[in-house]
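An overview of the molecular structure
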Amino acid sequence: FLETTAYFCMKPKMGEKEVSPHSFFSIWHEFSSDFKDFWKKENKLILQERVKEAEEVCRQKKGKSLYNIRPKHDSGIVSKNCS
């Protein structure tokens, strides 16, 4: 515990000789809960961006026809009989 507090440069509060576990973990709890909230928000934003990109790709693919439709030419038997 003392090595961890030294690594994070925690200093004891006024009037205390050492950093108490309560003071260290109260700060750590606040940090970890804030980090978790930001992590969830960031993941949600990334997911929304990916969904928008996927929708755009689908729109572009639907816009392009996979086949070409050519106009019908009057060159069959029916067209010769009708004239």
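An unreviewed UniProt entry lists the chain under the name FMN2 protein, from Bombycilla garrulus.

On to the overall build of the chain. Counting secondary structure elements, the chain contains three helices and zero strands. Each helix and strand of the chain, ordered N terminal to C terminal, gives the series α-α-α. In the chain, which comprises 83 residues, the share counted as buried stands at 5%. Summed over all atoms, the accessible surface of the chain reaches about 8,700 Å², with 59% contributed by carbon and sulfur.

Turning to the pattern of salt bridges, a few remarks are in order. Scanning all chains against the criterion turns up two salt bridges. Residues Glu55 and Arg59 are paired through a salt bridge, measuring 4.0 Å at the closest nitrogen-oxygen approach. You can see Glu55 and its partner Arg59 sitting in helix 2 (residues 21-63), four residues apart, about one turn around the helix. The exposed category is assigned to Arg59, whose relative accessible area is 51%. Residues Glu56 and Arg59 are paired through a salt bridge, measuring 2.9 Å at the closest nitrogen-oxygen approach. Residue Glu56 and its partner Arg59 are located together in helix 2, separated by three residues, close to a single helical turn. The exposure class of Glu56 is partly exposed, given its relative accessible area of 37%. Three or more residues joined by partner-sharing salt bridges are found here, namely Glu55, Glu56 and Arg59.

Quick look at the confidence of the model for the chain now. The share of residues in the chain with pLDDT of 70 or more is 78%, and the mean pLDDT across the chain is 83. Averaged pLDDT values over the elements of the chain bottom out at 61 in helix 3 (residues 77-82) and peak at 92 in helix 2.

Mapped onto the secondary structure, Glu18 falls in the loop between helix 1 (2-7) and helix 2. Classification of Glu18 as exposed rests on a relative accessible area of 52%.

On the surface, Phe1, Leu2, Tyr7, Phe8, Phe25, Trp28, Phe31, Phe35 and Trp39 cluster together into a nonpolar patch covering about 1,000 Å² of accessible area. Where the nonpolar patch is concerned, the elements lending two or more residues are helix 1 and helix 2. For the nonpolar patch, the element with the most residues is helix 2, which contributes five residues. Taking relative accessible area as the criterion, Trp39 reaches 52% and is therefore assigned exposed.

Criteria and thresholds
Residues numbered from 1 in each chain as written. Predicted model: local features only at pLDDT ≥ 70, side-chain atom pairs only at ≥ 80, totals over all residues. Heavy atoms only, no water. Helix = DSSP H or I, 4+ residues; strand = E, 2+ residues; numbered from the N terminus. Buried < 20%, exposed > 50% of the residue type's maximum accessible area, 1.4 Å probe, protein only. Areas by Shrake-Rupley, 256 points an atom, 1.4 Å probe, with all protein chains shown as cover. Salt bridge = Lys/Arg side-chain N within 4 Å of Asp/Glu carboxyl O. pLDDT = per-residue confidence, 0-100. Patch = residues over 30% accessible without salt bridge, like charges linked within 9 Å, V, L, I, M, F, W, Y side chains within 5 Å.

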